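Architecture at a glance
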Amino acid sequence: MAATTYERLKLHITPEKFYVEACDDGADDVLTIDRVSTEVTLAAKKDVPPSAVTRPIFGILGTIHLVAGNYLIVITKKTKIGEFFNHVIWRATDFDVLSYKKTMLHLTDTQLQDNKTFLSMLNHVLSVDGFYFSTTYDLTHTLQRLSNTSPEFQEMSLLERADQRFVWNGHLLRELSAQPEVHRFALPVLHGFITMHSCSINGKYFNWILISRRSCFRAGVRYYVRGIDSEGHAANFVETEQIVHYNGSRASFVQTRGSIPVFWSQRPNLKYKPRPQINKVANHMDGFQRHFDSQVIIYGKQVIINLVNQKGSEKPLEQTFATMVSSLGSGMIRYIAFDFHKECKNMRWDRLSILLDQVAEIQDELSYFLVDSAGKVVTNQEGVFRSNCMDCLDRTNVIQSLLARRSLQAQLQRLGVLHVGQKLEEQDEFEKIYKNAWADNANACAKQYAGTGALKTDFTRTGKRTQLGLIMDGWNSLKRYYKNNFSDGFRQDSIDLFLGNYSVDELESHSPLSVPKDWKFLALPIIMVVAFSMCIICLLMAGDTWTETLAYVLFWGVASIGTFFIILYNGKDFVDAPRLVQKEKID
């Protein structure tokens, strides 16, 4: 039997147990969770008490232990994204977090408050859009990886065979994963972005799919998670696969993005762009080699496209990256530096063709994956472009969309959808779908890492850089600044709790959440708002003379600006820092 999980489920709740009933045709299994002992067993439908409160659910995300005890997390709403080779793909849109405990009387006031905070962290992660699943298809692997599997692999449960880098509820499913007999209730969930479109060119219909798989290793938010860890996992690592399905033939092109793979940080300190700090004592080559050893094993050749600035604060990172590649001396790794901002300044985005021309021959060598309608592999992709900028978001997504279009052009010509000499850019209807999908992909990745939509999406959507796009980038940059300084500590803690990087121990004598915020952090918003408000009030309420009004405005203006610069001098005391996991120190 091919690997599947149960699709139709009912949750029955009694004071003593949770019963999850499989309602698929011919199924009689009921997953039973004891709310007191937390034991997980299999039962039959006849064992469900008639007195139970019943509701439909669409999957078990898993369980987690908080101060009050265990909680069961279930998917309560879903939206159909589309069909993928006759497999339905869903986006989870709502969840419920259910306590095993019937009351909270066993908790102190402090424990109650901590438990409430932990629950708000869980709900925050669940509120970030981008959780996808299928009950019949393995979304965590590319087409090429799946084509190289054995019949035994195909028979494994979806949880067993999944690429653990992309199973975002892997920690939550740890109890179910330990019992193979209940694996059909264990639903691996991907975090990232998926879109599917039925398209037509020259009267020929094909399906075009874009999937971005976000790694759960070294996951976090923009400024608190940079570089790599000791295992070689890169921050904001995303595998993006573009797929074409036409007349039974399937083609795929895979790219990756990830933070510059050395030990560096860029902690917020109220400055608009904190200066990156490279660790002076870490063994960079050890982590660097671990990273690329795994990348070569998984993807083959690595063509690095480094888009960071080659001057200013980003220059040392570019130089370090280039030096590490040179020192490693691997024939499987090529390094290309392209100063995106310098080359495209004054809105000369047409100059991106310089990079595309530079890598065209390399891209042809890497090729793409293609399997014909008979299931025969025609070509394999021999390696990937590994792109990055500082955040691996905005500049990176622009370049990835251009490389993907060039690959798609070759695929559609080979499949006979495009005529010889036809350009994909000339297909107006498809181009609109293509550009909007890649812009949506950029927004999804940016919201999950930086907290706002992506920058530069006007070019991705229209092929042109516009003044309105610049204004929107400015607005998103301001929102990023606020979030990165004043709310990202909570966001980082939420991700670490969800992924199991921090485990709650109710017996701890000292909760990390009990550490109070510095009074300066709490005073900052008040000081800034009061000073700014007084400037506005003075403008709106003119005094006896304009000279008097101007004096008031100058006074409060200088006060607000002066306060800001005093704060800026020691800004790290005012930012919202994570409290649950001790981060590595950067010298």
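That block above? That's the structure.
Note that the structure is predicted; figures quoted are calculated from it, not measured. (Residues numbered from 1 in each chain as written. Predicted model: local features only at pLDDT ≥ 70, side-chain atom pairs only at ≥ 80, totals over all residues. Heavy atoms only, no water.)

A few words now on the nonpolar core. Counting residues in each nonpolar core, the largest one holds 66 residues, and the members touching the most others are Phe206 and Trp208. Per-element accounting of this core gives the leading share, 8 residues, to helix α10 (residues 394-415). Those residues in contact with phenylalanine 206, other than ones at most four positions away along the chain, are His197, Ser198, Cys199, Ser200, Ile201, Val244, His245, Tyr246, Leu412, Val417 and Phe430. (Core = buried A, V, L, I, M, F, W, Y, C linked by side-chain atoms within 4.5 Å. Buried < 20%, exposed > 50% of the residue type's maximum accessible area, 1.4 Å probe, protein only. Helix = DSSP H or I, 4+ residues; strand = E, 2+ residues; numbered from the N terminus. Contact = heavy atoms within 4.5 Å.)

With respect to topology, 5 strands assemble into an open sheet ordered β4-β3-β2-β1-β5, the strand pairing being antiparallel. Taken across any chain shown, the strands that pair with only one partner, and hence form the sheet edges, are β4 (40-44) and β5 (53-57). Direction aside, the axes of adjacent strands within the sheet are offset by 25 degrees on average. Bridge count between strand β1 (residues 9-13) and β5: 5 bridges; the pairing is antiparallel. In the strand pairing of β5, lysine 10 is matched with proline 56. (Pairing = 2+ DSSP bridges. Axes fitted to C-alpha atoms, helices over the stretch in contact; angles between N-to-C directions.)

This part takes up the pairing of strand β16 (residues 301-306). Along any regular strand the residues' side chains alternate between the sheet's two faces. Most of β16 sits inside the fold, with 5 of its 6 residues counted as buried. Bridge analysis of β16 against strand β20 (residues 383-388) gives 6 bridges, and the strand direction is parallel. Residue pairing for β20: asparagine 306 is matched across the bridge by asparagine 388. Taking the sense of rotation as the criterion, the β-α-β connection linking β16, helix α7 (residues 315-328) and strand β17 (residues 333-337) turns out right-handed. (Right-handed = clockwise from strand over helix to strand, strands pointing away.)

Bringing the pairing of strand β3 (residues 29-34) into the picture now. Burial analysis of β3 places 5 of its 6 residues in the buried class, which makes it a mostly covered element. Direction of pairing for strand β2 (residues 17-22) relative to β3: antiparallel, over a ladder of 5 bridges. By the bridge assignment for β3, glutamate 21 is matched with valine 30. Of the strand pairs in this sheet, β3 and β4 are connected by 5 bridges, and their pairing is antiparallel. Of the residues in β4, the one forming a bridge with threonine 32 is threonine 41. In this structure, the hairpin formed by β3 and β4 is closed by a connection of 5 residues, where threonine 38 is found at a positive phi of approximately 65 degrees.

Next up on the list: the packing of α10 against helix α11 (residues 428-449). For any two helices packed against each other, one specifies the crossing angle of their axes together with the interaxial distance. For the pair α10 and α11, the least separation of the axes is 10 Å and the interaxial angle reads 145 degrees. Viewed along their axes, α10 and α11 form a crossing whose handedness is right-handed. On α11, the residues that touch Asn397, Gln400, Ser401, Ala404, Arg405 and Leu408 of α10 are Phe430, Glu431, Tyr434, Lys435, Trp438, Asn441 and Ala442. Among the residues forming the contact of α10 with α11, the class breakdown is 6 nonpolar, 4 polar and 3 charged. (Left-handed = near helix turned anticlockwise from the far one by under 90°. Nonpolar A, V, L, I, M, F, W, Y, C, P; charged D, E, K, R; others polar.)

Here α11 contains 22 residues, and its C-alpha end-to-end distance of 32 Å stays within 8% of the 32 Å for a straight helix at 1.5 Å per residue. Looking one or two residues beyond α11, the residue adopting positive phi is glycine 451, at roughly 90 degrees. (Expected span 1.5 Å × (residues − 1).)

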